[in-house]
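As a plain string of letters, each chain reads:
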Amino acid sequence: MTLELVAALAKLLIYAAALAGAGTALAWASLRDALGNLPNEAPRRIGWSAAVAAASALAALAILVARLGSGFDPSLLGAALGGFAGLAFAAQIAGAALLGAAAGGTARRPLRLTGAALLLASFGITGHAAASGAATGLLAAVHVAAAAWWLGSLLLIRSACATQDSRALAALVRIFARAALFVVGAMVVAGVVVAAALVSPWRHDWLTPYAKNLLLKVSGAGAALALAAYNRFRLVPLLEDPGGTATGRLRRSVTAEIALLGAVLLATAWLTTFHSPHEAH
């Protein structure tokens, strides 16, 4: 049980670091014209996140080898890196390396985005979704990439709350909201299709422990979406009043939204470690 808990923690760190780092890179590329004079927080976040993602991937590999048998045996390492698991590990390490090496600078953007793509694609190579077929794995990668962009955008908006005036901040959030309509929409659609493929809702016994935990994860994502709608339609119009307190309220609300996404990642790490879509009641 101890190794399983450590494995879940390693997964949580990989998920959080990959989505924060790659997501910041994606959001920085798509929102850069509206970000204004933000401090050099994005490159630092990308660099640190890439380092944590690489270290967590190595830790997860060591934990997997330990779970396969006692003591170090080269054959166990070969078994852990065999097939798609090894390909996913290579994508995580290569993606994190590229992302960290190209963390800052406009000229490095293509390398930075390539690293982000590799890191995020690794989640569609192995796991429950990938085991259901290549199409489901691809949809899982789309789901993760969209979620990463959402998280990265929120992290940048939270920083902007401390550096931009209310009108510039309102313009940034509106640009984010227009893009989110498509990106987060794609995330929801891909997530629904993947979930339906995994839990088989048309079966009479579909409400397995895996499905119940999946519903908790979906509830957290739904709460984050509701908070995002509140930010867009309630708080952003208030930013037009330069003497108001909407900027502080938006920052607190965005922080809560980030925390909800963190809870979703925690639920995902728990779900993928302790449950399987094929388990019985």
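Here we summarise the structure given alongside this text. (Residues numbered from 1 in each chain as written. Predicted model: local features only at pLDDT ≥ 70, side-chain atom pairs only at ≥ 80, totals over all residues. Heavy atoms only, no water.)

Examining the overall build of the protein
If you tally the helices and strands in the protein, you get 10 helices and zero strands. Counted from the first residue to the last, the protein has its helices and strands arranged as α-α-α-α-α-α-α-α-α-α. Within the protein, buried positions represent 43% of all 281 residues. Long-range pairs, those at least 24 residues apart, make up 76% of the contacts in the protein between residues at least 6 apart in sequence. A total of about 13400 Å² of accessible surface is found on the protein, and carbon and sulfur atoms cover 69% of it. (Helix = DSSP H or I, 4+ residues; strand = E, 2+ residues; numbered from the N terminus. Buried < 20%, exposed > 50% of the residue type's maximum accessible area, 1.4 Å probe, protein only. Contact = heavy atoms within 4.5 Å. Areas by Shrake-Rupley, 256 points an atom, 1.4 Å probe, with all protein chains shown as cover.)

Section: the packing of aromatic side chains
Following the criterion strictly, the structure yields three aromatic pairs and no others. For the pair W149 and F176, a centre-to-centre distance of 5.3 Å together with 20° between the ring planes defines the contact as stacked. With a gap of 27 residues between them, W149 in helix α7 (residues 134-160) and F176 in helix α8 (residues 166-199) connect regions that are remote in the sequence. With relative accessibility at 8%, the residue F176 sits in the buried group. (Phe/Tyr/Trp six-rings, centres within 6.5 Å; stacked < 30°, edge-to-face > 60°.)

A short note on the environment of A131
Along the chain, the position of A131 falls in helix α6 (residues 128-131). Residue classification places A131 among the exposed positions, given a relative accessible area of 67%. Along the primary structure A131 and L198 are separated by 67 residues, whereas in three dimensions their C-alpha atoms are 9.6 Å apart.

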